[in-house]
Amino acid sequence: MMVAVGVLLSLLCLSGSGATEEGGGVSEVSGVQFKQKGYAGSTQFAANFAPDIWDEVRALRDMVLDQRMRQSHMDARLMTSEGKVEDLTEKLTAAEVNMEQLQNENSDMQGRLSSSETDLSNNKFKIEQLEKENPERPKVAFYAGLTNVGYVGPFHIDITLKYTKVITNIGNAYNPDTGFFTAPVRGVYYIRFTVCSASVANMGLRISKNNQKIMYNELYNRDGHGEYISNGVVLNLEAGDNIHMSLPSAHVIFDNSDNQITFSGFLLFPM
């Protein structure tokens with residue numbers, strides 16, 4: 001293609017600037033000499049050849065301009081594509097950095113999760129060991145009211161009170177038929193009572209452990225209105241020890257559906 005363009009440009013120069021000599025002389029076109037053979041057709045050939053060269057040159061010029069425009073468009077598109085590639089490269093680099101960070105975070109979380117699972121396993125093992133070393137703490141608690149009949153007493157002897165209105169009896173350590181609470185395990189217990197009087201008389205109760213007197217509370221009701229005594233003790237009991245309440249002789253107490261006389265207790269902790 002380039003060779004053809006060069007030849008056509010050379011021919012253009014020859015036709016534009018050459019001078020023709022007649023009668024078998026030498027014609028010089030842009031420094032190139034042609035010997036004329038003495039035939040009359042040579043001049044006519046040159047005259048017919050020049051316009052064709054100009055047409056070819058113009059066509060070539062148009063082709064060159066078109067190629068330049070196409071090249072310019074290609075260059076612009078190439079620059080745009082390169083810009084997009086560069087932008088995509090930056091985004092890809094950023095994505096790779098983010099991916100690496102996420103991988104590091106994931107690795108860290110996996111490490112922490114593994115550590116937590118190890119701690120959980122260790123804690124579970126410790127709990128199992130503690131459960132083996134310390135059997136389940138027994139659950140012992142009771143609460144009962146005395147009666148609904150109203151006045152109880154006076155009697156000429158001490159009597160054991162049987163709290164028949166059992167409200168709570170976890171562990172079944174209290175027996176309403178006997179009025180006795182029997183410690184199921186060795187431990188420290190809290191025992192409490194409340195007593196009421198509604199007549200002019202002595203009121204009071206006695207706590208006993210294995211028929212041994214532990215505490216006695218008494219009050220003389222002077223006006224016959226409702227009077228109360230409440231008290232409690234903390235006792236160290238062996239398994240099988242029993243606690244009961246008794247009404248001393250010549251004492252009067254009062255209870256009804258409001259549970260004004262109660263007997264209760266619970267295990268603080270085993271020993």
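Residue indices begin from 1 for each chain and proceed along its sequence in written order. Restriction of local features to residues with pLDDT of at least 70 applies here, the model being predicted, together with a cutoff of 80 or more for giving and counting side-chain atom pairs; totals for whole chains, interfaces and linings are based on all residues. Only hydrogens and water are set aside; all other atoms, that is, all heavy atoms of the structure, feed into the side-chain values.

Enquirer: So what exactly am I meant to see when it comes to the pairing of strand 3 (residues 141-145) here?
Expert: Here is the key point about a regular strand: its side chains alternate between the two faces of the sheet. As paired elements, strand 3 and strand 6 (residues 165-170) share five bridges and run antiparallel to each other. Along strand 6, the bridge assignment pairs Gly-145 with Lys-165. Where strand 3 and strand 15 (residues 262-270) come together, five bridges link them in antiparallel fashion. Note that in strand 15 the partner of Phe-142 across the bridge is Gly-265. Pairing between strands requires that DSSP locate at least two bridges from one strand to the other. Going along the chain from the N terminus, every DSSP run of H or I of four or more residues is numbered as a helix, and every run of E of two or more is numbered as a strand.

Enquirer: In this structure, what is going on with the confidence of the model for the protein chain? I would like to understand it.
Expert: Keep in mind that low pLDDT regions are not for reading the predicted coordinates in detail. Within a predicted model, pLDDT stands for the predictor's per-residue confidence, ranging from 0 to 100. Averaged over every residue, the pLDDT of the protein chain is 80; the share at 70 or more is 79%. Across residues 14-40, confidence stays below pLDDT 50; counting only partners more than four residues off in sequence or on other chains, it has 35 contacts. We call two residues contacting when some pair of their heavy atoms lies within 4.5 Å.

Enquirer: What is the right way to read the pattern of salt bridges from this model?
Expert: Side chains that carry opposite charge are capable of pairing whenever their charged atoms lie near each other. When a carboxyl oxygen of Asp or Glu is within 4 Å of a side-chain nitrogen of Lys or Arg, the pair counts as a salt bridge. Counted under the stated rule, the structure contains seven salt bridges. When the shortest N-O distance is used, the salt bridge between Asp-62 and Arg-61 registers 3.6 Å. Partly exposed residues are those whose accessible area sits between 20% and 50% of the maximum for their type, while under 20% is buried and over 50% is exposed, using a 1.4 Å probe and protein chains only. For Asp-62, a relative accessible area of 42% translates into the label partly exposed. The closest approach of N and O atoms between Arg-70 and Asp-66, which form a salt bridge, is 2.8 Å. In this pair, Arg-70 and Asp-66 both sit in helix 2 (residues 41-133), four residues apart, roughly one turn of the helix. According to the relative accessible area criterion, Asp-66 is partly exposed, its value standing at 33%.

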